[in-house]
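Given next are the chains, with one letter for each unit.
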Amino acid sequence: MTGAASLPPILLVGCGRMGGALLSGWLEQGLTRAVVVEPHAAAAEALAAQSAGRVRVVPDADSIPAGFAPEAVVLAIKPQEAANTVPHYAALSSGVVTLSIMAGRTIGGLHRLLGEARAVVRAMPNTPAAVRQGFTVACAGEGVTAGQRALCDALLGAVGEVAWVEDEALLDPVTAVSGGGPAYVFLLVELLQRAAEKLGIPPDLARSMARSTVAGSGALLAVSRGEAAELRQAVTSPKGTTERALAVLMAEEAWPALVDRAMAAATDRSRELAE
Ligand SMILES: NC(=O)C1=CN([C@@H]2O[C@H](COP(=O)(O)OP(=O)(O)OC[C@H]3O[C@@H](n4cnc5c(N)ncnc54)[C@H](OP(=O)(O)O)[C@@H]3O)[C@@H](O)[C@H]2O)C=CC1
Ligand SMILES: O=C(O)[C@@H]1CCC=N1
């Protein structure tokens, strides 16, 4: 991974939830010069305050200061905006690496929008990036140099762990599982809270219980060397209460089948977003 202090000038296109999380990680790591294209006024104002002059926010590609020469163009807009937006960055992406975090959008599709000769890395981070606990899977397209890959590794590594794969097709199931994964965990919190309330627990207590249980379990998992199944078994006393709940959740037609179906649906959607 490239040293944090060596982060070169970056152009970030789209500074919403994911782009903003990445940028704050880069700023924390000492990024000194970036231009952010972000038409959303509130997000742009927050950024300007956070960056103490290191980031210039502009509303569109035409407003990028003349002479700004980024070493990476990071695409963090929605996949549905790619066709109209990405071609505006064809000139700036020439000779540098383009790092896309857009769901579904393929390296080949980005080559068609930017020009075949462009160096493109496709990556899928997740929102724990906001607290530097993200997990990103990345894939480098043809022609990406070792230096460009190291730069992308540094940019993604600023917000958490990075794993690289050779097979780009894996990015679709990755998007389903780790890209969207935080949403499923937060849904579990919501459902635990709702069930607790239905069982008569006051809402405030139900909320605290559900949040702390999931956050604490995540913290325990993070420091554990063993498998998740072992942590589950450590809670499950023989003939006890958890065993009864797990018999419901782990029935083949329950969570095992539902999670398979949900991940397949998200994977299919990622493939649909390709063009
Ligand atoms: N959210 C997540 O958990 C993850 C998202 N991703 C990917 O990251 C990308 C961004 O997602 P997310 O951050 O959630 O979305 P957001 O909507 O929060 O961020 C996108 C931002 O881009 C801005 N924008 C719209 N059009 C343009 C444009 N032409 N030029 C520059 N900026 C523009 C939007 O402004 P406005 O609101 O005004 O339209 C918005 O602020 C998506 O492609 C998504 O697939 C990847 C991993 C996880
Ligand atoms: O829901 C989405 O499409 C994006 C990609 C992964 C997480 N959020």
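Residues numbered from 1 in each chain as written. Chains lettered and ligands numbered in written order. Predicted model: local features only at pLDDT ≥ 70, side-chain atom pairs only at ≥ 80, totals over all residues.

> Looking at this structure, I do not really get the site of ligand 2. What am I missing?
Neighbouring residues of ligand 2: A103, T175, G179 and G180. Of the residues contributing to the shell around ligand 2, the split by class is one nonpolar, three polar and no charged. (Near = placed C-beta within 6 Å. Nonpolar A, V, L, I, M, F, W, Y, C, P; charged D, E, K, R; others polar.)

> For this particular structure, what's the right way to read the domain arrangement of the protein?
A common measure of how large an interface is: the accessible area buried when the components associate. Split into domains, the protein comes out as domain 1 (4-171) and domain 2 (181-272). Taking only C-alpha atoms into account, the centre of domain 1 sits 33 Å from that of domain 2. With five residues of domain 1 in contact, the opposing surface of domain 2 contributes five residues. (Domains from an automatic or database assignment. Contact = placed C-beta atoms within 7 Å.)

> Could you clarify how one ought to interpret the site of ligand 1 in this entry?
In the region of ligand 1, 26 residues are neighbours, and G14, G16, H40, M102 and A103 sit closest. For the shell around ligand 1, the element with the highest residue contribution is helix α1 (residues 17-28), accounting for three residues. Looking at the shell around ligand 1 residue by residue, the class counts come to 14 nonpolar, eight polar and four charged. (Helix = DSSP H or I, 4+ residues; strand = E, 2+ residues; numbered from the N terminus.)

> Can you walk me through the sheet that holds strand β4 (residues 72-75) in this structure?
Note: strands within a sheet are paired through backbone hydrogen bonds, in either parallel or antiparallel orientation. Taken together, eight strands build an open sheet; the order of strands is β3-β2-β1-β4-β5-β6-β7-β8 and the sheet is mixed. Of all the strands in the sheet, the pair left with one neighbour each is β3 (55-58) and β8 (160-164). Neighbour-to-neighbour, the strand axes of this sheet turn through a mean angle of 20 degrees, independent of strand direction. Contacting β6 (119-124) and β7 (134-140), helix α6 (residues 171-179) crosses the sheet at an angle of about 35 degrees to β6. (Pairing = 2+ DSSP bridges. Axes fitted to C-alpha atoms, helices over the stretch in contact; angles between N-to-C directions.)

> Would you explain the UniProt feature "binding site: NADP(+)" (unreviewed entry) in the protein in this entry?
Following the UniProt record, the feature "binding site: NADP(+)" (unreviewed entry) maps to A76, I77, K78 and P79 here. Summarising the element assignment, A76 is placed in the loop between β4 and α3 (82-85). With 24 C-beta atoms packed within 10 Å, A76 lands in the buried category. Sequence-distant contacts of A76, that is, excluding residues within four places in its chain, are made with L12, V13, G14, C15, M18, G19, L22 and I101. Within the secondary structure, I77 sits in the loop between β4 and α3. On the basis of neighbour count, I77 is assigned to the buried category, with 24 C-beta atoms found within 10 Å. (UniProt positions renumbered as here; feature names shortened; annotations may be inferred. Buried ≥ 20, exposed ≤ 12 C-beta atoms within 10 Å, placed from the backbone.)

> Quick question: what am I supposed to make of unusual backbone geometry here?
Generally, phi is negative for residues other than glycine and the peptide bonds are trans, each holding for most cases. One non-glycine residue, A52, adopts positive backbone phi at about 45 degrees. Along the chain, A52 turns up in the loop between α2 (41-51) and β3. In this structure A52 comes out as exposed when scored by C-beta crowding, with 8 C-beta atoms within 10 Å. Positive phi is not limited to glycine here, since K239 has a value of about 60 degrees. Summarising the element assignment, K239 is placed in the loop between α9 (228-235) and α10 (241-249). Given 7 C-beta atoms within 10 Å, K239 falls into the exposed group.

> Please explain the pairing of strand β1 (residues 10-13) as it appears in this structure.
One face of the sheet, then the other: side chains in a regular strand alternate in exactly this way. Across the two faces of β1 the burial is the same, with I10 and L12 and L11 and V13 all buried. Summarising the sheet, β1 and strand β2 (residues 34-37) pair through four bridges and their orientation is parallel. Bridging across to β2, I10 finds its partner in A34. As for the winding sense of the linkage, the β-α-β connection from β1 through α1 to β2 is right-handed. In this structure, β1 lies alongside β4, joined through four bridges in parallel fashion. (Right-handed = clockwise from strand over helix to strand, strands pointing away.)

> Would you explain the environment of A90 in this entry?
Looking at where A90 falls in the secondary structure, it is placed in the loop between α3 and β5 (97-100). A90 sits 24 residues away from L114 along the chain, and the two C-alpha atoms are 4.6 Å apart. Discounting residues that sit within four places of it in the chain, A90 has contacts with L114 and G115.

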